[in-house]
Amino acid sequence: MAVKIRLQRHGSKKRPFYFIVAANSTSPRDGKFIEKLGTYNPLTVPATIRINRESALEWLNKGAQPTNTVRRILSFKGVLYMKHLMRGVALGLFDETAAKDKFEKWNAEHEVLVANREEAHRKHKSDKRHATTQESVRRVEEKEAAKAQAKVQAEAEATATEEAPTEAPATEGETPAAE
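Scope of this entry: the structure provided in the associated data block. Not measured: the values here are computed from a predicted model.

Turning our attention to the layout of surface pockets. Taken as a whole, the largest pocket holds about 330 Å³ of empty space. Elements that contribute at least two residues to the lining of the largest pocket include exactly β4 (48-51), α2 (68-77) and α4 (96-163). Sort the elements by how many residues they give to the lining of the largest pocket and α4 lands first, with five residues. For the lining of the largest pocket, the per-class residue count stands at six nonpolar, two polar and five charged. Volume-wise, the second largest pocket comes out at about 170 Å³. Looking at the second largest pocket, the residues that line it are Arg-53, Glu-54, Leu-57, Val-79, Met-82, Met-86, Glu-96, Lys-100 and Phe-103. Within the residue set of the lining of the second largest pocket, elements represented by two or more residues are α1 (53-62), α3 (79-91) and α4.

In structure tokens:
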């Protein structure tokens, strides 16, 4: 029996939510599975991923093959890095405490990176909202300025027509008198 670590779709139409499961490769996508390893919600920014690292690492060590998307998720959460470190321990390159220290260091840096991404997204979203508000205010001010300018021009034209003397237009045969 070949085991795959894959996504199992849940959620409603156009609102996906996934379980990360270890399942027999011949079972249907949303069918029977061996063990639920975690969840993945792609609708949040950044995507929300909850995974049991120990169970996922155990299944990888047993030979389970992750799908491409799950491989990216496991890499993002550090499960594949932990597998890499445990292989180094098995080969005698370093001891288990050094592997755990390396993983903790990587995990701390990774958490900072994710927090920075979330903050950058929040800032971009608020800047975009603020820019949209400023654009709306600018458009309203431009309209008000255009109305005020049109009103001033109308008043100027009205006063100009009152002050201008009316002259009889020259006919074709006559030439205007030079002053």
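The discussion continues.
Before going further, it helps to examine the packing of α1 against α3. Direction vectors running N to C along α1 and α3 enclose 55°, while the axes themselves pass 10 Å from each other. Taken together, α1 and α3 sit at an angle that is classed as oblique. Relative to α3, α1 is oriented so that their crossing is right-handed. Residues Arg-53, Ala-56, Leu-57, Leu-60 and Asn-61 of α1 touch α3, and the partners they reach there are Val-79, Leu-80, Met-82, Lys-83 and Met-86. A class-by-class count of the residues in the contact of α1 with α3 yields seven nonpolar, one polar and two charged.

Strand-to-strand pairing in sheets goes through backbone hydrogen bonds, with the strands running parallel or antiparallel. Across the sheet, five strands lie side by side as β4-β3-β2-β1-β5; this open sheet has mixed pairing. The open sheet terminates on both sides in strands that have one partner only, identified here as β4 and β5 (65-66). In this sheet, β5 lies alongside strand β1 (residues 3-12) in parallel orientation, the contact comprising two bridges. Among the inter-strand pairings, Ile-5 is bridged to a residue of β5, identified as Pro-66. In this fold α1 packs onto β1, β2 (15-24), β3 (35-41), β4 and β5, with an angle of close to 120° to the strand it touches most, β3.

Our next topic: unusual backbone geometry. In this structure, Lys-14 is a non-glycine residue whose phi angle is positive, near 60°. Along the chain, Lys-14 turns up in the loop between β1 and β2.

To continue, consider α2. Along α2, the positions that sit buried rather than exposed are Val-70, Ile-73, Leu-74 and Lys-77. Buried residues along α2 cover an arc of 95° about the axis, so they all sit on one side. For α2, exposure combined with an orientation more than 90 degrees from the buried face picks out Asn-68 and Arg-72. Downstream of α2 by a residue or two, Gly-78 has a phi angle that is positive, lying close to 90°.

Reading the values: the criteria
- Residues numbered from 1 in each chain as written.
- Predicted model: local features only at pLDDT ≥ 70, side-chain atom pairs only at ≥ 80, totals over all residues.
- Heavy atoms only, no water.
- 1 Å grid on protein atoms, 1.4 Å probe; cavity = no way out; pocket = protein on both sides within 12 Å on 5 of 7 lines; lining within 4 Å.
- Points joined across faces, edges and corners; volume = space filled by probe spheres on them.
- Helix = DSSP H or I, 4+ residues; strand = E, 2+ residues; numbered from the N terminus.
- Nonpolar A, V, L, I, M, F, W, Y, C, P; charged D, E, K, R; others polar.
- Axes fitted to C-alpha atoms, helices over the stretch in contact; angles between N-to-C directions.
- Parallel < 35°, antiparallel > 145°, perpendicular 65-115°, else oblique.
- Left-handed = near helix turned anticlockwise from the far one by under 90°.
- Contact = heavy atoms within 4.5 Å.
- Pairing = 2+ DSSP bridges.
- Buried < 20%, exposed > 50% of the residue type's maximum accessible area, 1.4 Å probe, protein only.
- Arc of directions from axis to C-beta.

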